[in-house]
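In case you want the letters, here they are:
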Amino acid sequence: MQETPVSSAASRGVSRAIRRMLGTTAVFGVAILASLSVTGASYALWNAETVVNASTVSSGTVGLTVNGTANFAIPSLDATRLGPGQSVTTPLTLTNTGTTPLAASVGSVSVLSQTHGMDAHLTLRLTPSATCSAGLPNGVSGTLAAFTTAASPYVLAAGESMTLCLEVTLDASAPSSVRGGTASFRMNVDAVQVRQ
Amino acid sequence: MRHRWVTASAVALFLVLAAPGVAGAYWSTSATAAASVAAAGSGQMAQTGFGSLAFVYGDPSALRVTAPVTVTNTGDSAATYTMALGRQAANGLTSAVAIRSWKVSSVSLCDNGDGEGGNAQSGTWNSMPAQTGTLGPGSSEIVCYRMSITSAQAASLAGSTMTGTLTLRSSDLWSTPVTADISQSVAADTIPPTTPTGLTASGTTSNQTTLKWTPSTDNVTSGPSLVYEIVWGSGSSGLISTTMNPVTFTVPMLSPNTTYVFTVRAKDRAGNYSGIASVTVTTLPALNPQASVMW
């Protein structure tokens, strides 16, 4: 039977459509393979997630507090008037209030106000310790302007708390022009999720 | 076909970027802690009155000195003071002076009587507990100091001198410590020893005699420490000997048949001389040499 022109044309159209579909599928397949090969580790995570029962999956939360609040105002630290070389201490409790582990650290310190140039002569020391007193060993210390504990973050499991001792010292070499000075500062504690 | 490749590339790029990379897949949070600190103000301390404790102890009327020392916070901030006594070089006097100190509410309550306030500190110039207190700006405290020695110490330490120091520090570490010095001493001994008594000469021969006397006494110098000077006269007077506390002394090398006047006097450590005791002695004639020659 001889094919009619119409029949031949229809047959060619179907063939082109099939080829186009196959070509498109191949192109996207290559794209997906390429993306998976580039992302590396995520490939494994993705695979791991595939075995989790969908009914057990829930979204996590992150939360961090200092002494029970997100913005803690340390009281009465200025009740002690500092002379050169003297320090004041106060305990701080970091709490991971979320459902995922966190690595917390003091990212920076902001000077809110100061007089007599006092801020330039202050040193902070933050030490994980159940007790709080001047001169604790193994803490991280630095000048007020450059203080950070980013190199030694405090890892907190979900719901875990850690007690830190903050020591503020007026440098022994502080000049007498600092007499009567004040300084207010804010420690910015940053926390990021820890991969499990 | 070109559209498909463009679309596929976009999908691939999206998948790459949407993959759980380090930055994109981590949650973060933050908290803050704010504080204020303050530097101390001026808590400079000053004192008055310590100079009144410069003193010369004497026997028997001046064995004790009492004077108030007033400490004042001349700064603009409360501070704690520490007032300590000490001495430069230690000697018998620094350890002998008994010091007591107590706080009084008025300088009039710090006199040289026997009264004393509560919570008195005690010690010597070598070791004396410090007085401490906290003073607000412009405030003062009065510390009464009493220093004394005994009559016996005044005698034994006559002529001694020492330098006492006061150091007043403030808890304001920027402040300057205040120091002051005073001198204390014991009056020099001006009382001479008693005159030796009972001076006699015995065992006199042609060329020697032995003197004996009763020792002198002194208000300061102990008996064994007295020095006796023995002098002879009769034409060839002079000091025969200076010796420590003898009760006998044999004078040699005298001339025969000669009259001598011997005197003895005592001298204490301050150089005070006693009166003179004297005795006259005549030596025996010389022996005839021939008398002893045997034929």
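Thresholds applied
Residues numbered from 1 in each chain as written. Chains lettered and ligands numbered in written order. Predicted model: local features only at pLDDT ≥ 70, side-chain atom pairs only at ≥ 80, totals over all residues. Heavy atoms only, no water. Helix = DSSP H or I, 4+ residues; strand = E, 2+ residues; numbered from the N terminus. Buried < 20%, exposed > 50% of the residue type's maximum accessible area, 1.4 Å probe, protein only. Contact = heavy atoms within 4.5 Å. Areas by Shrake-Rupley, 256 points an atom, 1.4 Å probe, with all protein chains shown as cover. 1 Å grid on protein atoms, 1.4 Å probe; cavity = no way out; pocket = protein on both sides within 12 Å on 5 of 7 lines; lining within 4 Å. Points joined across faces, edges and corners; volume = space filled by probe spheres on them. Nonpolar A, V, L, I, M, F, W, Y, C, P; charged D, E, K, R; others polar. Pairing = 2+ DSSP bridges. Salt bridge = Lys/Arg side-chain N within 4 Å of Asp/Glu carboxyl O.

*Asks:* Before we go on, may I ask you to explain the overall build of chain B in this structure?
*Replies:* Looking only at helices and strands, one finds three helices and 18 strands in chain B. Counting all 295 residues of chain B, 40% fall into the buried class. Once local pairs closer than 6 in sequence are excluded, the contacts in chain B between residues at least 24 apart make up 71%. Counting only carbon and sulfur atoms, one obtains 56% of the accessible surface of chain B, whose full area is about 14,500 Å².

*Asks:* Where do I start with the overall build of chain A in this structure?
*Replies:* Looking only at helices and strands, one finds two helices and ten strands in chain A. Element order for chain A, N to C, with α for helix and β for strand: α-α-β-β-β-β-β-β-β-β-β-β. The long-range fraction of contacts in chain A, counting pairs at least 24 apart against all pairs at least 6 apart in sequence, stands at 81%. As presented, chain A carries roughly 10,700 Å² of accessible surface, and 58% of it is formed by carbon and sulfur atoms.

*Asks:* Which parts of the structure should I look at to understand empty space enclosed by the protein?
*Replies:* Gaps left between atoms are located by rolling a probe of water-molecule size over the structure's atoms. Applying the stated criterion to the full structure yields one cavity of 30 Å³ or more. Approximately 60 Å³ is the volume attributed to the largest cavity. Lining the largest cavity, in full, are Val-66, Leu-92, Leu-94, Ser-105, Val-106, Leu-126, Tyr-154, Leu-164, Met-187 and Val-189 of chain A together with Ala-33 of chain B. Looking at the lining of the largest cavity residue by residue, the classes come out as ten nonpolar, one polar and no charged.

*Asks:* I would appreciate a short explanation of the pairing of strand 16 (residues 248–251) of chain B in the present structure.
*Replies:* A regular strand places its side chains so that they alternate between the two faces of the sheet. Residues and elements named next belong to chain B. Only one face of strand 16 is buried: it carries Phe-249 and Val-251, and the other face, with Thr-248 and Thr-250, is open. Sheet topology note: the strand 13 (residues 209–214)/strand 16 ladder contains four bridges and is antiparallel. By the bridge assignment, Leu-211 is partnered in strand 16 with Phe-249.

*Asks:* Teacher, can you tell me more about the pattern of salt bridges here?
*Replies:* Under the criterion given, the structure shown has five salt bridges over all chains. Among the ionic pairs, Arg-179 of chain A bridges to Asp-172 of chain B, the shortest N-O distance being 2.6 Å. Note that Arg-179 of chain A is positioned in the loop between strand 9 (161–170) and strand 10 (182–193) and Asp-172 of chain B in the loop between strand 10 (161–170) and strand 11 (178–186), a pairing that runs across two chains. Asp-172 of chain B sits in the buried class, given a relative accessible area of 5%. As a salt-bridge pair, Arg-265 of chain B and Glu-229 of chain B come within 3.2 Å of each other at their nearest N and O atoms. Of this pair, Arg-265 of chain B sits in strand 17 (residues 259–267) while Glu-229 of chain B sits in strand 14 (residues 227–232); the two residues are 36 residues apart in sequence, bridging distant segments of the chain.

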